[in-house]
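# What the coordinates show
Listed below, chain by chain, are the residues.
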Amino acid sequence: MSDYVADFMAHIKAKNPSEPEFHQAVKEVVESVTTVLDKHPEYRKAKVLERISEPERVIMFRVPWMDDQGGYHVNRGFRIEMNSAIGPYKGGLRLHPSVNLGILKFLAFEQVFKNSLTTLPMGGGKGGSDFDPKGKSDDEVMRFCQGFMSELYRHIGPNTDIPAGDIGVGGREIGYLFGTYKKIRNEFTGILTGKGLNWGGSLIRPEATGYGAVYFAAEMLATRGESLEGKTCLVSGSGNVAQYATEKILDLGGKVVTLSDSGGYIHDPDGVDRDKLAFVMDLKNVRRGRITEYVEKYSSATYTAVDPGADCNPLWDHKAECAFPSATQNEINVKDAENLVNNGVYVVSEGANMPTVPEGVDVFLNKKILYGPGKAANAGGVAVSGLEMSQNSMRYSWTREEVDSKLHGIMKSIHKSCVEASEKYGTPGNYVNGANIAGFLKVADAMLDQGIFG
Ligand code: NDP
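Since this is a predicted model, take the numbers as computed values, not measurements.

Let us look at the domain arrangement of the chain. Its domain assignment divides the chain into domain 1 (3-190) and domain 2 (208-377). The distance between the C-alpha centroids of domain 1 and domain 2 comes to 25 Å. Listed as interface residues are 18 residues of domain 1 and, on the opposing side, 15 residues of domain 2. Summed over both sides, the interface of domain 1 with domain 2 buries roughly 1,300 Å², with 49% coming from carbon and sulfur. Inspection of the domain 1/domain 2 interface yields two salt bridges. Where domain 1 meets domain 2, there are five residue pairs in polar contact (both at pLDDT 80 or more). In terms of residues, the side of domain 1 that touches domain 2 owes the most to one element, helix α5 (residues 101-117), which gives seven residues.

Set out below in structure tokens:
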């Protein structure tokens, strides 16, 4: 680590104690952009890095809600408005018991660079709550969402901050949040993305993150004259991103042999075909069950419970060529990364945000595999959210084919930006540096243009 990075990180840690995920995300960007700062002293003079790692605004609030038995509960709600240099704050809401300020700051920070890469005019933000939707009734989830929006509505708006979904927030939750906003404000505006199709949503938004991660993998493979046809793929998670990554892998001729949830994973050597995927979608999106039910239905598969405290996750220890981590942050540790490359994986396209620990990223970079970091590879979701905002503004809807083709074009353009930036700054093939540098430059220049408040 250079003296500059060490000094900068000491300052970040002192100012933001007990936020390890935020430190991890900032360090990766600072390491990547040091060469840019060396060439462009104007960024250092204007303290762009210090400003970009300080949220413009942090909102933290109480969310009281009542369960079906009339019991009272209190959760904590957050919205991090990280950076608005290139557009209104944009980023998802996460409902998960692990949510805290540091995790949302890491996600909001990543979002700034990701949104910049999409080429669309969106700043970065993130929010959520430590509320756990698992095991709650629809009515309880609705009352929680109403309580959450009864405070959040003061801080968001179609030209200010436009939240979307993330872990634990899908179409059901976006509906309850939107209904509450509309009731309080008495206005029907594009205040959230991921909306239902008959009330302002965009075709392909549910599919976008997973499809995008697979398009990104296909672009990386194309640099070696290869495609996904016939490739065996490991996918983690079984939620929104994992489901549609699986669908697109099938479209492009690949074979998915794993899926997981927080309890464990299934391994199906015959592959998850379209019928099996339809079963998983119904299981997870409608019946809200556990992935272990897959093996009761399909005898070709085995289920393995995963201990989060174990030294490695056996999901990443199967023979394959490609991996699509699509569950959560830091789900691939250094041992998992070694297992992946030792098993023949040479394409990793991250559907989740920051799913690989820094030492694991080093394994991928040292082995020179095709490694697409989340902020580039999973940017398709927010890109189609941006397209949903455009359609809302125009009061018009594009067809499925139109949105998919724009998504595909954006993923190609993100890939190209990463390749060009990594080459220009002396680390060809390093998509981590490429994504961080290309994302940073656009935001940094906008901040310079807008003066000290930029
Ligand atoms: P979902 O809530 O739809 O699915 C999340 C999946 O990951 C579930 O299978 C869940 O299992 C599993 N999971 C969650 N937390 C953990 C954990 N701590 N350990 C193991 N498994 C876990 O979320 P999404 O699919 O939307 O999000 C997945 C990832 O993709 C996240 O990192 C998110 O930030 C990222 N992402 C999502 C975007 C989107 O558009 N939705 C956009 C860009 C990135 P269980 O059901 O047991 O909780």
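Where burial is concerned, the two faces of strand β6 (residues 232-235) agree: the one with Thr-232 and Leu-234 and the one with Cys-233 and Val-235 are both buried. Of the pairings in the sheet, the one linking β6 to strand β7 (residues 255-261) comprises three bridges and is parallel in character. If you follow Cys-233 over to β7, its bridge partner there is Val-256. Regarding topology, helix α9 (residues 240-251) serves as the crossover connection from β6 to the parallel β7, and that connection is right-handed.

With phi around 75°, Thr-119 is a residue other than glycine that occupies positive phi space. Relative to the helices and strands, Thr-119 resides in the loop between α5 and β4 (124-129). By relative accessible area, Thr-119 is classed as partly exposed at 47%. Phi is positive for Arg-288, which is not a glycine, with a value near 50°. Tracing the backbone shows Arg-288 in the loop between α10 (274-286) and α11 (293-297).

This structure, assessed with the given rule, holds three cavities of 30 Å³ or more. Roughly 70 Å³ of internal volume is contained in the largest cavity. If you trace the largest cavity, you find it lined by Glu-28, Glu-110, Glu-350, Met-354, Pro-355, Thr-356, Val-361, Tyr-371, Pro-373, Gly-374 and Lys-375. Considered class by class, the residues forming the lining of the largest cavity number five nonpolar, two polar and four charged. In this model, the second largest cavity occupies a volume close to 40 Å³. For the second largest cavity, the full set of lining residues is Leu-93, Leu-95, Phe-144, Cys-145, Phe-148, Val-169 and Leu-177. At the level of secondary structure, the elements contributing two or more residues to the lining of the second largest cavity comprise β3 (89-95) and α6 (138-152). At three residues, the largest contribution of residues to the lining of the second largest cavity is made by α6. Of the residues in the lining of the second largest cavity, the class split is seven nonpolar, no polar and no charged.

Around the ligand, 26 residues are found, and the nearest of them are Asp-166, Thr-209, Ser-262, Arg-290 and Asn-353. Here an oxygen atom of the ligand sits 2.4 Å away from a polar atom, N or O, in the side chain of Ser-262. Relative to its unbound accessible surface of 890 Å², the ligand loses 83% to contact with the protein. When residues of the shell around the ligand are traced back to their parent elements, those giving at least two are α8 (205-222), α9 and β7. Each residue belonging to the shell around the ligand can be placed in one class, and the counts come to four nonpolar, 14 polar and eight charged. Of the domains in this structure, domain 1 (3-190) and domain 2 (208-377) are the two that each give at least three residues to the shell around the ligand.

Once that is clear, we can look at the nonpolar core. Judged by nonpolar contacts, the single largest core of 93 residues is most densely connected at Phe-109, Phe-324, Ile-414 and Phe-440. Residues lining this core come from more than one domain, with at least three contributed by each of domain 1 (3-190) and domain 2 (208-377). Setting aside residues no more than four positions away along its own chain, Phe-440 makes contact with Val-33, Val-36, Leu-37, Tyr-43, Val-48, Leu-49, Ile-52 and Phe-113.

So, about the environment of Thr-304. Tracing the backbone through its elements, the reader meets Thr-304 in strand β9 (residues 302-305). Taking the relative accessible area as the measure of exposure, Thr-304 reaches 27% and is therefore partly exposed. In sequence terms Thr-304 and Leu-192 are 112 residues apart; their C-alpha atoms lie 37 Å from each other.

Calculation criteria
- Residues numbered from 1 in each chain as written.
- Predicted model: local features only at pLDDT ≥ 70, side-chain atom pairs only at ≥ 80, totals over all residues.
- Heavy atoms only, no water.
- Domains from an automatic or database assignment.
- Contact = heavy atoms within 4.5 Å.
- Buried area = accessible area lost by both parts, 1.4 Å probe.
- Salt bridge = Lys/Arg side-chain N within 4 Å of Asp/Glu carboxyl O.
- Polar contact = N/O pair within 3.5 Å; in protein donor to acceptor, adjacent residues only side chain to side chain.
- Helix = DSSP H or I, 4+ residues; strand = E, 2+ residues; numbered from the N terminus.
- Buried < 20%, exposed > 50% of the residue type's maximum accessible area, 1.4 Å probe, protein only.
- Pairing = 2+ DSSP bridges.
- Right-handed = clockwise from strand over helix to strand, strands pointing away.
- 1 Å grid on protein atoms, 1.4 Å probe; cavity = no way out; pocket = protein on both sides within 12 Å on 5 of 7 lines; lining within 4 Å.
- Points joined across faces, edges and corners; volume = space filled by probe spheres on them.
- Nonpolar A, V, L, I, M, F, W, Y, C, P; charged D, E, K, R; others polar.
- Near = heavy atom within 4 Å.
- Areas by Shrake-Rupley, 256 points an atom, 1.4 Å probe, with all protein chains shown as cover.
- Core = buried A, V, L, I, M, F, W, Y, C linked by side-chain atoms within 4.5 Å.

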